[in-house]
Amino acid sequence: MTEMPQSTPYRVLFLCTHNSSRSQMAEGLLRTRGGARYQVFSAGTHPRAVHPLALKAMAELGIPTRDAKRRGTGWLAGQADIGWSNRIGLYEGFHLLTSITPTG
């Protein structure tokens, strides 16, 4: 069976405590490897500056770091109707993937 093309990109949010390493790297990887099929975002509940070693690792993998900046969760308040395809939580070594039905 052939896969049908996705007309609307999947929207993926990587949510972490500090938005300084894991979520930044995950966002960069999916954005780079997934291309136009995904709209990718990351945020943190208590954001800190992006860790220099995360930036170094991303650069070594060829992931652009120009958009790597810390983001809190405040901007999400206005995005309730965005229709997230996936929300992925990255917490202190624990990985949780919660899929939700896209809202169109």
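Presented here is an overview of the structure given in this document. Every value quoted in this text rests on a predicted model; they were computed, and no experiment measured them. (Residues numbered from 1 in each chain as written. Predicted model: local features only at pLDDT ≥ 70, side-chain atom pairs only at ≥ 80, totals over all residues. Heavy atoms only, no water.)

## Looking at the pattern of salt bridges
Inspection of the entire model under this criterion finds 3 salt bridges. In this structure, Glu-27 engages Arg-71 in a salt bridge whose closest nitrogen and oxygen atoms are separated by 3.3 Å. Of this pair, Glu-27 sits in helix α1 (residues 22-34) while Arg-71 sits in the loop between α2 (52-60) and β3 (86-91), placing them 44 residues apart in sequence. Each member of the pair, Glu-27 as well as Arg-71, carries the same accessibility label: buried. The salt bridge involving Glu-60 is made with Lys-56; its shortest N-O contact spans 3.7 Å. With a gap of 4 residues between them, Glu-60 and Lys-56 both fall in helix α2, about one helical turn apart. Bridged by salt links that share partners, the residues Glu-27, Arg-31 and Arg-71 form one connected network. (Salt bridge = Lys/Arg side-chain N within 4 Å of Asp/Glu carboxyl O. Helix = DSSP H or I, 4+ residues; strand = E, 2+ residues; numbered from the N terminus. Buried < 20%, exposed > 50% of the residue type's maximum accessible area, 1.4 Å probe, protein only.)

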